[in-house]
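The primary structure of each chain is shown beneath.
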Amino acid sequence: MKSRSTISGGFAGILVFTCFGLVACLAAAAPALAGIVSSTADAGPGSLRQAIVEANGDGAPTLITFDAAISPATIALETRLPAIVDAGDTIDATGLEVIVDGDEVPDVAGERAIGLRIRASDVTVRGLTIQNFDYDGIYVGPSRLDSEVDVTGVTIRENFLINNLDGIRVSGNRGPGNWVGATIDRNILDSNRDDGITVEGSLNNSPGQNVVQVVIRGNRVTGSLGVVTGGTLTGD
């Protein structure tokens, strides 16, 4: 059963949700490498997809930014982006107009149409507009196959999440023993079809015993429910 807050149509104050315990906060390392998105193409050199692939493979914290020459930019995806699996990576579009659009991304069982999937600790996403995904705009947490995995220290700040199913979802997924922690700060979540922000400790009928802690502050939610805790996850 979902527990529904009444935060809607305004700025939420500071909320902290802790499911089944506490999460130790990890200090995020400063990005050591840099990647620049210089193309609005779905894939290929200079694309956001290629930047994520390279950041995942470099084994170091990476700062992904966007060339001001392409702003305003709409990145119309054809398939979902690779999950972010490298700890300490940052995607930052602050000061630019960068839209990641999922209108053409298919939503099929086992491959949900999700904007950004964050499966590593100390990842930051800032300044993006993420819209029109059939599932979550941003998902934070392990995959449904993971157990005893840490995804902590994640920051989602100053983004626009528009017309997705849920704007942002933070989940312990199946487990058992997953630890998940995130700060959701000063985002605008508009017209998402289900919930603005969803926080869930684990899936129904799963091993559970996960630990999820989320700090939610200064977000504006309109056109959908504000913050929903609990519930069932049907994808990853």
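Residues numbered from 1 in each chain as written. Predicted model: local features only at pLDDT ≥ 70, side-chain atom pairs only at ≥ 80, totals over all residues. Heavy atoms only, no water.

### Digging into the pairing of strand β8 (residues 98-101)
As a reminder, the rule being used: Relative accessible area decides the class of each residue, using a 1.4 Å probe on protein chains only: under 20% of the type maximum gives buried, over 50% gives exposed, and in between gives partly exposed. Only DSSP runs of H or I reaching four residues or more are called helices, and only runs of E reaching two or more are called strands; each is numbered from the N terminus. Two strands pair under a simple rule: DSSP has to find at least two bridges between them.
Side chains of β8 alternate between two faces, with Val98 and Val100 and Ile99 and Asp101 buried alike. As paired strands, strand β6 (residues 73-76) and β8 are joined by four bridges and run parallel to one another. Bridged to Ile75 within β8 is Val100. Pairing of β8 with strand β11 (residues 129-131), which is carried by three bridges, proceeds in the parallel orientation. Each bridged residue has a counterpart across the sheet, and for Asp101 the counterpart in β11 is Gln131.

### Brief notes about unusual backbone geometry
Ser71 connects to Pro72 through a cis peptide bond whose omega is 0°. Here Pro72 is to be found in the loop between β5 (62-66) and β6. In this structure, Pro176 follows Gly175 across a cis peptide bond, with omega equal to 10°. Note on placement: Pro176 falls in the loop between β15 (168-171) and β16 (179-185). We note that Arg186 has phi near 55°; this positive angle belongs to a residue other than glycine.

### Some remarks on the environment of Ile162
Formally: Here, residues are in contact when the closest pair of their heavy atoms is within 4.5 Å.
Locating Ile162 in the fold gives a position in strand β14 (residues 160-162). Exposure remark for Ile162: the relative accessible area of 25% places this residue in the partly exposed category. For the pair Ile162 and Ser191, spaced 29 residues apart in sequence, the C-alpha to C-alpha distance is 5.8 Å. Those residues in contact with Ile162 that sit more than four places away from it in its chain are Thr129, Ile130, Gln131, Asn132, Asp190 and Asn192.

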